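# Observations on the three-dimensional arrangement
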Amino acid sequence: MIKTTKIEKSEFEQIENEDKAFLAFRYFLYQLAYYNQKPFEVAILNNKNSAVTFIFYKRNKSGKISTRQFSIPREDSPFFNSWISQNFPRIKRRVFNSVGGDSAESYR
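What comes next is a walk through the structure. The model shown is predicted, which means the values in this text are computed figures rather than measured ones. (Residues numbered from 1 in each chain as written. Predicted model: local features only at pLDDT ≥ 70, side-chain atom pairs only at ≥ 80, totals over all residues. Heavy atoms only, no water.)

The next point concerns the environment of D19. Note that D19 resides in the loop between α1 (11–15) and α2 (20–34). Classification of D19 as partly exposed rests on a relative accessible area of 36%. Expressed as a C-alpha distance, the spacing of D19 and D76, which sit 57 residues apart in the sequence, is 9.2 Å. The contact partners of D19, leaving out residues within four places of it in the chain, are D76 and W83. At 3.1 Å, the side chain of D19 and the backbone nitrogen of A21 are in polar contact. (Helix = DSSP H or I, 4+ residues; strand = E, 2+ residues; numbered from the N terminus. Buried < 20%, exposed > 50% of the residue type's maximum accessible area, 1.4 Å probe, protein only. Contact = heavy atoms within 4.5 Å. Polar contact = N/O pair within 3.5 Å; in protein donor to acceptor, adjacent residues only side chain to side chain.)

Here it is in structure tokens:
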């Protein structure tokens, strides 16, 4: 009788084929935890081109504010937006729609 052992994939092998937007968001979560920061607002820019830009405003314990920007392909933006909702349900959102050079702003 031949014994077979199940070979576990390394952490790298598990994530190397993940969606790039998902990996970027996970990396952002790790950075927040590492630097002890909390996002308090996100600006969502619906650009005329094929990307949606998410700009996070974050604050550390001493009150210093910084930003982190992501440009996500339009087809991935609903997923990215849902990850924001799952992880930061009370975050303030500002949405800017750019159409033909004009911008409209809405708050959520």
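This part covers unusual backbone geometry. Unusually for a residue other than glycine, N36 sits at a positive phi of about 55°. Along the chain, N36 turns up in the loop between α2 and β1 (37–46).

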